[in-house]
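# Structural description and commentary
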Amino acid sequence: VESSSIKEDLYRRDFTINAMAIKLNADEFGQLLDYFGGWKALKQKKVKVLYNLSFVEDPTRIFRAIRFEQRYHFKIDRDTDKFIRNAVNHDLFTKLTDERLREEIILLLGEDNPWLATKRLDHFDLLRYIHPRIKVSKKTENMFRSMEDNLFLFTLPLADRPIDKWLVYFLILINDLSLVETREVINRFKFMKEEALVMLKAKSHVPEILEQISAKVNLAPMVMYEYFMSTPVEVLLYQMTRTD
């Protein structure tokens, strides 16, 4: 870290909309410093990088660009779109640690209504960095939409049980992966023990219980009660997205 000018400091930011500053000095209080067209981009609702090597220096900015685009209903500008594709074509994500990629995925899936952001990940061919077999389809979209509806229903009766909604969306993303492939993803990204247990329980228990529910077999109320009370909320929500 070294001392520099405010212009140099702002130039290190990710996007022009994040590269503005307002003076707090008493004699110039409120003066906007905008060296890179941030105010114009803000008015035009554009997500724009400051320079063409921005994603080369930090590929996680691509995830942030998508998050901001969807959160604020902005649009990634044409040049920035080109720089993203260039970064993907040059496989720059292989330079990232799996932990950093994991945190960006969690942040993106933790956004309100993350389906559109997930579609953008697919649009830029980024889902393969989670696992090459992950594909999004109409089924994936329906499960995401179902999750949004079910989450609303769950928040009131289960107010005392915190819900990691990003984890449910992640389970939907890896829905078509086998148990072995799921273990590979867990080990690669070093998910926390509690998160890993949720994913493994979803993979091993959900198909079984759905089959029992669908088999028109009269399950004893106590059996059902014990299953639902011992099952993490995230697994129940994921289960609901898989069945009517």
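Residues numbered from 1 in each chain as written. Predicted model: local features only at pLDDT ≥ 70, side-chain atom pairs only at ≥ 80, totals over all residues. Heavy atoms only, no water.

### Description of the environment of Y129
Counted only if it meets this: Numbering goes from the N terminus for both helices and strands, where a helix is a DSSP run of H or I of at least four residues and a strand is a run of E of at least two. Residue contacts are counted whenever heavy atoms from the two residues lie within 4.5 Å of one another.
Residue placement: Y129 occurs in the loop between α7 (115-123) and α8 (138-155). As for Y129 and R242, which are separated by 113 residues in sequence, their C-alpha atoms are 24 Å apart. Leaving out residues up to four positions away in the same chain, Y129 has contacts with V88, D91, F93, L101, R188 and F189.

### Details of the packing of aromatic side chains
Going by this rule: Each Phe, Tyr or Trp ring (for Trp, its six-membered ring) is paired with any other whose centre lies within 6.5 Å, and the angle between the two planes then decides the class: stacked below 30 degrees, edge-to-face above 60, tilted in between. Burial status follows relative accessibility: with a 1.4 Å probe on protein chains alone, a residue under 20% of its type maximum counts as buried, one over 50% as exposed, and anything between as partly exposed.
Under the definition given, this model contains 15 aromatic pairs. Relative to F68, the ring of F15 has its centre 5.9 Å away and its plane inclined at 85°; by these criteria the two rings are edge-to-face. Placement of F15 in the loop between α1 (6-11) and β1 (21-22) and of F68 in helix α4 (residues 60-71) is noted, with a sequence separation of 53 residues between them. The buried category is assigned to F68, whose relative accessible area is 11%.

### Some thoughts on the nonpolar core
The nonpolar side chains of soluble globular proteins are, as a tendency, buried together. As a reminder of what qualifies: Residues enter a nonpolar core if they are buried and are Ala, Val, Leu, Ile, Met, Phe, Trp, Tyr or Cys, with the set joined through side-chain atoms within 4.5 Å.
With 67 residues, the main nonpolar core has I66, F93, L109, L126 and F170 as its most contacted residues. With residues up to four places along the chain from it excluded, the contact list for L126 reads I62, I66, V88, F93 and L121. Among the nonpolar cores identified, the runner-up in size contains six residues, and A19, L33, L50 and Y51 belong to it.

### Focus: helix α5 (residues 78-89)
Put simply, the rule reads: The length a helix should cover is 1.5 Å for every residue beyond the first. Directions are taken from the helix axis to each C-beta atom, and the arc is the one they span.
With twelve residues, α5 should reach 16 Å at 1.5 Å per residue; the first-to-last C-alpha distance of 17 Å fits that figure. Within the sequence span of α5, burial applies to T80, D81, I84, A87 and V88. Take α5 and look down its axis: the buried residues cluster within an arc of 125°, on one side only. For α5, the exposed residues lying more than 90 degrees away from the buried face are R78, K82 and N89. In the core, the buried residues of α5 are packed alongside β3 (46-47), α3 (54-57), α4, β4 (75-76) and α7.

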